[in-house]
Amino acid sequence: MATAVGGVCRTASELQDNLSEVYNCTFHATRPRHGAVDLAGLIVRGVRVQEEHDGGGNVVELTCIGLTVLGRVVTMTTAPTPEVAAFYQLAVKVLFEDMDAMSLLVANFACKDQLIRHMAGKSASSSVLYQLRMSGSVSPAWQQTCEQAFLSSPAGPNLDTCLWSLNCVLKRLLKDNCGELVRVVLMAFDASVSTLASRLLPVGAASDVDTLCQLLELLELLTASSEGRAYAGCQTLVLAHGAALMAAVSCSPRYFLSKRAALLLKRAALHKAGEDWLAGGGPSDVALLARAVLNGVAGGWLPSVRVESASFFGGTSGKRREGGDGVMLRAVGLLVIKCVEHHVQSAAAGAEACGYLQALWSFLRQTEVVHTCRLLTRVFSEQDDDMMEAAKALLAIFLQLREDPRLDFGVGDAACTCGCNPHCHFLSVLQSVAFDHRVLLDFLISMETCFLEYLVRYLKYLRTDWQGFTAACQRVGVSPVTATESDSGQVSTSSGRSLVDYDTSDESETDNVKGTAPGLDCGNTAAGETLARALGCLTKLRLLVDKLQTKKMFPYNAESLLKLLAHVDECEGQNRT
C-alpha cells in the first residue's frame, strides 16, 4: 500500500486503514512504519478529506479520525522513549511549519458538523499548548482566528469553538502552574476578550446558551489566573462586569445559566474562582464587585433572582422543597454577606449594612422562620465550607458594626434584628451538628473549611461577652434534630449527617452524645439545658484535642486553641460562683 505524500492511498478506505494504524502506534507508544514526512502528509490528507470527497458519513468519520490522530501525534512528543518522542517531534514540526496544519484545524472551527468542530478545537488546543511549551509563543493562525471571532463573530458554532479552545489552553496551563505561559496567552487576547465580554454582557432572553456557558467559564479562568499574578486587564472582567453578571443571574434564558453566574460571583468574592479544577484564586481587592452587588441589593435585585425547586438525579421535584434550590440560595447569600463584610471594613456604614442584611434575610426566608439568625444553618448547613465562610464573615460584620455608636449592638436583640448575633450563629452551628464535638474535630482538622479561623475568632470574642452568650441561650428551645448512636459507635443526626467516632478507646474522657439536640427558638426559656449542651460540647472538644495533641496525633500545634477552650470553662465556673 502506497504511503507517499503525493500518491498516497487511492481510496478513502485505504486512508482510514493507514490512519487507524498510526493511531494504534500512538496508543502503544511506538513508531509507525511511515516516515515523519509521510506521516504528516497522511494526517493532513485525513483532515482535508472533505475537500476531496463530497459529503457523506464516511467523510465525517475520516475527518474525525484524522483530527484524532493529529492530536495523538502531538501528545506523543512527550513519549517515555526518547527515540519515539524525537520521531513524533519531527512529524509535528513538519505538520505545523511545512504544511501549516494549524490553518487546517482552525478552518474547521466553523464546520457545520458539531463533532468535527469539537475534534478540531481539541487538536488545536493540544497543538497550541505544545508550541507554547516549545517556543513560548502563541500560534499566529490560532490567535488570529480566535481574535476575529471574539471581536466580530455573532454567537454561534465558530465563536463557541474558539472560546472552548482558549478555555482548554488556559485551564491546562493553570493546572500545570505555568504562570509565565498564562501571561503570554492573556497578553495576546487581552483586548479581544475584553471586547467580547462587553458584547455579550448583559445577558438577555435571546442570548445563545452555549456561547454564554463558554464565556462564563472563560471569566472564571481569567479570575482564577489573577491570584497573586496581575498580567492583563481581562483578568478583572468579573469585577468590571459585576452588574451585568447580576443581571445574568436574574434574566438568563436558562436557569442553570443563572446558577452558573451566581456561583461565579460567589467564588470571585471568596477568592475561590476555579476551585472545581484548581486550588482556587481570584483578585485580592473586590471593592468594585462589592459596590456593584450592594447597589443591586439596594435597587431591589434580590426579589428578581429566580429560585426554582431543588433538583436531584431524578430531575426536578414537582413539589417545591423548603427553601428552594439550596445551591442558588447559598451562592447569592454568601455573595451578599461577603460584599457586606468588605463594605463595613472599608466604610463606616452601619445602618446601610443592616439594611443590606435585612434584605438578604427576606430573600432567604423562603418559609417562616422564628429567629433570623437561624437562617445561617437553615440555608448553609448542607455545605459545610459555605456555612463556615458565612459564619466567619457575619462575625467580622458584627465586630465592625458594634463600634458604630448609632447601633446598640451591646444588646443581643439589636444584633438579632440584623441577623448577625455571633452567639446565636455559634449555637446554631452546634445545633446543626447535634452538639457533637467529634464533628467539630472533623472541621478543625479539615482543610476544606475555615472552621479553625472562625472558632478562634469567636472564642476570643466570647471571653469579652459571656453575658451575651448566656442571653443567647435563653432564646434556645428544642429542635427536632436528634443525635442517635448506632451499634458500631458512629453517631448520626436526623438530617443524615454521619459523624465519625474518634473516642472509642478505653481511656477516652468524653461521653457519646445522645438525646435531643436543641435548636434556636426565641420563645423558649430553657437556657440551662442549652448552656449545658454547648459547654459540654466545647469541653469534650478540648479534652479530645488535648489527648490527640499529647499523643502527637493532631496535625498542627493547638496550644492557642486549647487555651481559648479552657477559658470557656473558666468563664462558666465564674458564672456559677
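Every chain is numbered on its own, with residues counted from 1 as its sequence reads. A pLDDT threshold of at least 70 governs which residues receive local features in this predicted model, and a stricter bar of 80 or more applies before side-chain atom pairs are shown or counted, although totals over entire chains, interfaces and linings include all residues. In computing side-chain properties, one takes all heavy atoms of the structure into account and sets aside hydrogens as well as water.

Re the overall build of the protein chain
To keep things clear, this is the line we draw: The secondary structure listing takes helices from DSSP runs of H or I that are at least 4 residues long and strands from runs of E that are at least 2 residues long, numbered from the N terminus. Categorising residues by exposure relies on relative accessible area from a 1.4 Å probe, with only protein chains included: less than 20% of the type maximum marks a residue as buried, more than 50% marks it as exposed, and the intermediate range marks it as partly exposed. Any pair of residues with heavy atoms lying within 4.5 Å of one another is described as a contacting pair. A 1.4 Å probe and the Shrake-Rupley method give the accessible areas. Residues count as covered only by the protein chains that appear here.
A tally of regular secondary structure across the protein chain gives 26 helices and six strands. Here the protein chain, with 577 residues, has 55% of them falling under the buried criterion. Within the protein chain, contacts between residues at least 6 apart in sequence are counted, and of these 72% link residues at least 24 apart. With the model as given, the accessible surface of the protein chain reaches about 24,500 Å², and the carbon-plus-sulfur share is 50%.

A word on the state of the cysteines
This is how it is decided: By disulfide we mean two sulfur atoms from cysteines, separated by a distance within 2.5 Å.
Summed over the entire model, instances satisfying the criterion amount to one disulfide. The disulfide bridge from Cys354 ends at Cys418, spanning 2.4 Å between sulfur atoms. The disulfide joining Cys354 to Cys418 has a torsion of about 100° about its S-S bond and is therefore right-handed. One end of the pair, Cys354, is in helix 17 (residues 350-364); the other, Cys418, is in the loop between helix 20 (412-417) and helix 21 (422-432), and 64 residues separate them in sequence. Neither Cys354 nor Cys418 differs from the other in exposure class; each is buried. In this structure Cys64 is a free cysteine whose sulfur lies 8.4 Å from that of Cys111, the closest cysteine sulfur available.

Observations concerning the side chain of Arg330
By the element assignment, Arg330 lies in helix 16 (residues 326-346). Every residue in contact with Arg330, bar those within four places of it in the chain, is listed here: Lys266, Val379, Phe380, Glu382, Gln383 and Asp386.

Side note on the packing of aromatic side chains
Aromatic ring pairs are reported here in terms of the distance separating the ring centres and the angle at which the planes meet. Condition: Here the aromatic set is Phe, Tyr and Trp, taking the six-membered ring for Trp, and pairing holds for ring centres within 6.5 Å; pairs whose planes are under 30 degrees apart are stacked, those over 60 apart are edge-to-face, and all others are tilted.
According to the stated counting rule, one finds ten aromatic pairs in the structure shown. An aromatic cluster is present here, built from Phe426, Phe443, Phe451, Tyr454 and Tyr458 joined pairwise through their rings.

A short note on helix 8 (residues 140-152)
Spelled out, the test is: An expected span of 1.5 Å times one less than the residue number is assigned to each helix.
Counted at 1.5 Å a residue, the expected span for helix 8 with its 13 residues is 18 Å, and the 18 Å between its end C-alpha atoms agrees. On the buried face of helix 8, the contacting elements are helix 6 (101-107), helix 7 (114-135), helix 9 (157-175) and helix 10 (179-200).

Quick notes on the nonpolar core
Soluble globular proteins: nonpolar side chains tend toward being buried together. To be explicit about the condition: Side-chain atoms within 4.5 Å are what join buried Ala, Val, Leu, Ile, Met, Phe, Trp, Tyr and Cys residues into a set we call a nonpolar core.
Core analysis: the largest hydrophobic core is formed by 198 residues, its most contacted members being Trp142, Phe150 and Phe469. Not counting residues within four places of it along the chain, the set of residues in contact with Phe150 comprises Leu159, Cys162, Leu163, Leu166, Phe189, Ser192, Val193, Leu196 and Arg199.

Considerations on the pattern of salt bridges
We count it as follows: Within this document, salt bridges are pairs made up of a side-chain nitrogen of Lys or Arg and a carboxyl oxygen of Asp or Glu, the two lying within 4 Å of each other.
According to the stated counting rule, one finds 20 salt bridges in the structure shown. Residue Glu83 is joined to Arg31 by a salt bridge in which the shortest nitrogen-to-oxygen separation is 3.8 Å. Here Arg31 lies in the loop between helix 1 (12-27) and helix 2 (36-47) and Glu83 lies in helix 5 (residues 82-98), a separation of 52 residues in the sequence. For Glu83, a relative accessible area of 54% translates into the label exposed. For Arg31, a relative accessible area of 41% gives the class partly exposed. Residues joined in a network through salt bridges with shared partners are Glu220, Arg260, Arg267 and Glu275.

As for the packing of helix 9 against helix 10
Under the convention used in this document: To define axes, lines are fitted to C-alpha atoms, for helices over the stretch in contact only, and angles between the resulting N-to-C directions are given on a 0 to 180 degree scale. Here a crossing is taken to be left-handed if its near helix is turned anticlockwise relative to the far helix by less than a right angle, and right-handed if that turn runs clockwise. Under the convention adopted here, Pro, Cys and the residues Ala, Val, Leu, Ile, Met, Phe, Trp and Tyr are nonpolar, Asp, Glu, Lys and Arg are charged, and Gly plus all remaining residues are polar.
One can describe the packing of helix 9 onto helix 10 by two numbers: an axis separation of 12 Å at closest approach and a directional angle of 145°. The two elements helix 9 and helix 10 meet at a crossing, and its hand is left-handed. On helix 10, the residues touching Leu159, Leu163, Leu166, Val169, Leu170, Leu173 and Leu174 of helix 9 are Leu181, Val182, Val185, Leu186, Phe189, Val193, Leu196, Arg199 and Leu200. When the residues that make up the contact of helix 9 with helix 10 are grouped by side-chain class, the tally is 15 nonpolar, no polar and one charged.

Digging into unusual backbone geometry
One non-glycine residue with positive phi stands out, namely His271, at about 60°. Turning to its location among the elements, His271 is positioned in the loop between helix 14 (255-270) and helix 15 (287-298). Exposure remark for His271: the relative accessible area of 31% places this residue in the partly exposed category. Although it is not a glycine, Phe435 sits at a positive phi angle of roughly 55°. A residue is classified by how much of its surface remains accessible, and Phe435, at 4% relative accessible area, is buried.

What about the environment of Val344?
Topologically, Val344 is positioned in helix 16. For the pair formed by Val344 and Gln400, sequence separation is 56 residues and the distance between their alpha carbons is 6.6 Å.

Topic: the packing of helix 1 against helix 2
What counts here: For this classification, under 35 degrees means roughly parallel, over 145 means roughly antiparallel, 65 to 115 means roughly perpendicular, and everything else is oblique.
Running from N to C, helix 1 and helix 2 cross one another at 125°; their axes reach a closest spacing of 10 Å. Judged on the interaxial angle alone, helix 2 and helix 1 are oblique. Between helix 1 and helix 2 lies a crossing of left-handed hand. Of the residues in helix 2, those touching helix 1 at Leu15, Asn18, Leu19 and Val22 are Leu39, Leu42, Ile43, Arg45 and Gly46.

Re the confidence of the model for the protein chain
To keep it simple, the criterion reads: On a scale of 0 to 100, pLDDT captures the predictor's confidence in every residue.
Per-residue pLDDT for the protein chain has a mean of 84; in total, 81% of the residues score no lower than 70. A low-confidence stretch, residues 1-7 (pLDDT under 50), is modelled with 15 contacts involving residues beyond four sequence positions or located in other chains. Counting contacts from residues 478-509, a segment whose pLDDT is below 50, to residues more than four positions away or on other chains yields 80 contacts.

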